[in-house]
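Spelled out from the first residue to the last, the chains are:
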Amino acid sequence: SEHNANGALGLIINRPLNLTLEQLLEHLQITTERTDLAIQPIYYGGPVQPEQGFVIHSPIGKWGATLRVTDQIGITTSRDILQATARGEGPQSLLVTLGYAGWGPGQLEQEMVENAWLSGPADLDILFHTPSDQRWLAAAALLGINLNLLSTDAGHA
């Protein structure tokens, strides 16, 4: 989601925690009458600062602290987006994570050279409408890769 000379920041979007958005709002003392938030999972965003929340959302809107990822996707860390969501005035689509994955300067580039990662476009449907256990497969499919055909066994020629 962010990559510059100081390093990179990314969010894991397919590992739901045993926590709902309703429970998180209650913990933050934000009141809501929206019953639909009881089933909205919170995700493990990564091992760095697990107490820090990140809201991935669309549309971008005007929130206190938002990083623009694409023209349609933003990441907000300010409380105002959660307060608006509790009132029913938040973004149309959102996904909340706790923590993030971080890389130091040059670390992610080295991992890319080593083929540790696949890099592809951000996709609204995968982020907000694909079940979390299928997001990895769907993201790879955007690149024309069927992960079910990959083997973990090494061969010898």
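Quick notes on the rules
Residues numbered from 1 in each chain as written. Predicted model: local features only at pLDDT ≥ 70, side-chain atom pairs only at ≥ 80, totals over all residues. Heavy atoms only, no water. 1 Å grid on protein atoms, 1.4 Å probe; cavity = no way out; pocket = protein on both sides within 12 Å on 5 of 7 lines; lining within 4 Å. Points joined across faces, edges and corners; volume = space filled by probe spheres on them. Helix = DSSP H or I, 4+ residues; strand = E, 2+ residues; numbered from the N terminus. Nonpolar A, V, L, I, M, F, W, Y, C, P; charged D, E, K, R; others polar. Buried < 20%, exposed > 50% of the residue type's maximum accessible area, 1.4 Å probe, protein only. Pairing = 2+ DSSP bridges. Contact = heavy atoms within 4.5 Å. Core = buried A, V, L, I, M, F, W, Y, C linked by side-chain atoms within 4.5 Å. Salt bridge = Lys/Arg side-chain N within 4 Å of Asp/Glu carboxyl O.

A. Seen up close, the layout of surface pockets. In this structure, the largest pocket encloses a volume near 1500 Å³. In this structure, the largest pocket is lined by 39 residues; those nearest its centre are Leu11, Ile13, Trp117, Leu118 and Gly120. Elements with a minimum of two residues in the lining of the largest pocket: strand E1 (2–4), strand E2 (7–10), strand E5 (48–58), strand E8 (93–103), helix H3 (107–113), helix H4 (124–129) and helix H5 (135–142). Here the lining of the largest pocket takes five residues from H5, the largest share from any one element. Here the residues of the lining of the largest pocket are counted per class, giving 28 nonpolar, eight polar and three charged.

B. View of the pairing of E2. Going residue by residue along E2, you find Gly7 and Leu9 tucked away on one face and Ala8 and Gly10 tucked away on the opposite face as well. Pairing of E1 with E2 involves three bridges; the strand directions are antiparallel. Opposite asparagine 4, over in E2, you have glycine 7 as the bridge partner. Between E1 and E2, which pair antiparallel and follow one another directly, the connecting turn spans two residues. In terms of strand pairing, E2 meets E8 through three bridges, oriented antiparallel. Bridge pairing links alanine 8 to tryptophan 103 in E8.

C. Molecular detail of the side chain of serine 58. With respect to the helices and strands, the residue serine 58 is situated in strand E5. In contact with serine 58, not counting residues within four places along its chain, are Gln72, Pro91, Gln92, Ser93, Leu124 and Phe128.

D. Examining the pairing of E5 more closely. As defined by bridge partners, E5 adjoins E8 across seven bridges and the pair is classed as antiparallel. Bridging from a neighbouring strand, phenylalanine 54 pairs with threonine 97 of E8. Alignment of E5 against strand E7 (residues 74–76), held across three bridges, turns out to be antiparallel. Residue valine 55 lies in a different strand from E7, and its bridge partner there is threonine 76.

E. Broad picture of the nonpolar core. Of all hydrophobic cores here, the largest spans 15 residues; its most connected members are Leu21, Leu25, Ile42, Val55, Leu82 and Val96. Elements with a minimum of two residues in this core: helix H1 (21–27), helix H2 (80–86) and E8. In terms of residue count, H2 provides more of this core than any other element does, four residues in total. If we skip the residues at most four places from it in the chain, leucine 25 touches Ile30, Thr32, Leu37, Leu82 and Ala86. Counting 12 residues, the second-largest nonpolar core is a separate cluster that includes Leu11, Ile56, Leu127 and Phe128.

F. Molecular detail of the pattern of salt bridges. Counting across every chain of the model gives three salt bridges. When the shortest N-O distance is used, the salt bridge between aspartate 36 and arginine 34 registers 2.6 Å. The exposure class of aspartate 36 is partly exposed, given its relative accessible area of 39%. Close ionic contact of glutamate 89 with arginine 87 constitutes a salt bridge, the shortest N to O distance being 3.0 Å.

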